[in-house]
Every structure is written in structure tokens, then in C-alpha cells.
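Examining the three-dimensional arrangement
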Amino acid sequence: VGDRIKVDPREERYIQPYPPGPANGGADLEQYRFNWNSPVHMSPTHPDVVYYGGSVLFRTKDGGTTWDIISPDLSTNDKSKQRSSGGPISIDNTRAEYHCTIISIAESPKDSSVIWAGTDDGNLQITRDGGKSWTNVAPNITGAPKFSWFSSISASNADAGTAYVTVDQHRLDDFGSYVFATRDYGKTWQPISNGLTGYAHKVLEDPREPSLLYAGTELGVFTSF
């Protein structure tokens, strides 16, 4: 996560919930795995609540002074994808190579007990009780590639059961536009990428008009009325 900074007095405090440096080995040596671009999500319902994604989901309710773990490992935890990287001359373990990690988080603005987490290895998890129990709804998404990289999740401002997800597979030489929507907490999904070009980064619902959507892809910005 990095630092929490108070601008006026120029006070800075380190708030990451786990030691910052890699263990100089494979991801399997670490207690928790973190993506190179670990997601930070500020709660839309409370200013002191922040979420931070590793292999588990961390949550602070006091601006980073203390952290709670509110999930089990939400990834596939595939050990074959957590081995030491590099070699044979030199190893290369900087966490840029780490896999089986959370890469996207969203709390519902309508219900703070509804939280989403997407991973880089094909899992899309939801809790409806603030982290007490989790369900992987990725198998419900017809048309999502295997081992989907769930690059973003956007929870609806109007309905707690509605969310939008993007899948970014360009690392596997797949530049397709994968965007899906659910209106029943992930039980069913509809593809909504018709007309998009380029792999998708983000879909956002207009804050005042839920039927108006905006999508950002590698090749442009799109809108749907």
C-alpha cells in the first residue's frame, strides 16, 4: 500500500500490512502473495476503510493503523505457478513474477457487506456478509477465457447485486474485449462488449443514470446508452 501522508504537517506513515520486500525466492516462500500492481480500494461508504489485495483480502477500518484479514486465499493457489523465477545464471524474484494474486477489489456503494475480489488466475469471488464467507462466481461467466485476468470490478451505485467486470488477456496474446455484467450477485452474467475494440481496462456506471455506461479499452473510450 505504501504510505499515508498528511499534506499540511507533511507527516508520513508506512501502512502496508505485510513486509515490503520479496523473500528472494518463489512466491511459495511468502506467507501472502502480492501482485506487482497490488490493488488498493477505498471504501465508498466509509472514509477510514481501505482494502488491500494479496492472496487474501486485507481491510483496515482505521486508515491503516491496523489490518484484518477478511478472506481465505481467494486465488487458485496453484503451486506450479509460484516457483522461483529466472535462472540458470541468476534468479529473478521481484514480485513482478508472482501469480495467484488478487488484482481487483470493489465494495458495493449500496451495501458495504457486499465485496468483490478478482484474481489474475481465473477466480472472481464475492462475499455478501462482509468477508465471513466467499463464493467463486467465475464458473458462472459463459464466454470468459480460462484463467481469466479479472482486471477490474465496478460495483453499481444503484443496486447492490449489480456489478461489471473486465477481463484482460493480452499477456496471453488475446486482445479481445471481454466485459460482463451481473444483476444477481454473480449468479448469472451477460456479455456487454458488443461494439468495443481493444482489451478492456474498466467499465463504469454513470453515478446518476445507471443505464449509461462508460468503458475504457486499450484503443479508446466508449459509451453505451
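For the structure, check the block above.
Right, let's walk through the structure included here. Nothing here was measured: the structure is a model prediction, and the numbers come from that model. (Residues numbered from 1 in each chain as written. Predicted model: local features only at pLDDT ≥ 70, side-chain atom pairs only at ≥ 80, totals over all residues. Heavy atoms only, no water.)

**Focus: the pattern of salt bridges**
For the record, the criterion: Think of a salt bridge as a Lys or Arg side-chain nitrogen and an Asp or Glu carboxyl oxygen that are within 4 Å of each other. Runs of E in the DSSP output that reach at least two residues are strands. Runs of H or I that reach at least four are helices, and both are numbered from the N terminus.
Applying the stated criterion across every chain yields a total of 2 salt bridges. Taking the shortest distance from any N to any O, the salt bridge between Arg 33 and Asp 73 comes out at 2.8 Å. One end of the pair, Arg 33, is in the loop between strand 2 (11–14) and strand 3 (40–42); the other, Asp 73, is in the loop between strand 6 (68–69) and strand 7 (102–107), with 40 residues separating them in the sequence. Between Arg 171 and Asp 168 there is a salt bridge, with the nearest N and O atoms lying 3.3 Å from each other.

**Comments concerning the side chain of Asn 93**
What counts, and what does not: Distance and chemistry together define a polar contact, namely a pair of N or O atoms within 3.5 Å, with one atom able to donate a hydrogen and the other to accept it when in protein, and with adjacent residues in sequence counting only for side-chain atoms on both sides.
Residue placement: Asn 93 occurs in the loop between strand 6 and strand 7. Looking at Asn 93, its side chain comes within polar contact range of the side chain of Ser 84, at 3.0 Å.

**Details of the environment of Arg 83**
To keep things clear, this is the line we draw: Each residue's exposure class comes from its accessible area (1.4 Å probe, protein chains only) as a fraction of the maximum for that residue type: buried when under 20%, exposed when over 50%, partly exposed otherwise.
One can find Arg 83 in the loop between strand 6 and strand 7. Residue classification places Arg 83 among the exposed positions, given a relative accessible area of 60%.

**Digging into the side chain of Asp 120**
Condition: Neither His nor the chain ends is counted toward charge; the positive residues are Lys and Arg and the negative residues Asp and Glu. In what follows, a contact means two residues having at least one pair of non-hydrogen atoms within 4.5 Å.
Checked against the element boundaries, Asp 120 lands in the loop between strand 8 (115–119) and strand 9 (124–127). Within the buried set, Asp 120 has no salt-bridge partner at all; the shortest N-O distance to an opposite charge, 7.5 Å, is to Arg 33. One polar contact links Asp 120 to Asn 35, side chain to side chain, over a distance of 3.3 Å. Reaching out from Asp 120, the side chain makes a polar contact with the backbone nitrogen of Cys 100 at a distance of 3.0 Å. If near-sequence neighbours (up to four positions away) are discounted, Asp 120 is found in contact with Asn 35, Tyr 98, His 99, Cys 100, Thr 101, Ile 103, Phe 147, Ser 148 and Trp 149.

**Observations regarding the sheet that holds strand 3**
Neighbouring strands of a sheet are bound in pairs by backbone hydrogen bonds; such pairs are parallel or else antiparallel. Stated precisely, the cut-off is as follows: Pairs of strands are assigned from DSSP output, requiring at least two bridges between the strands.
Reading across from one edge, 3-4-5-6 is the order of the 4 strands in this open sheet, with antiparallel pairing throughout. Looking along the sheet, the strands with just one partner apiece sit at the ends: strand 3 and strand 6.

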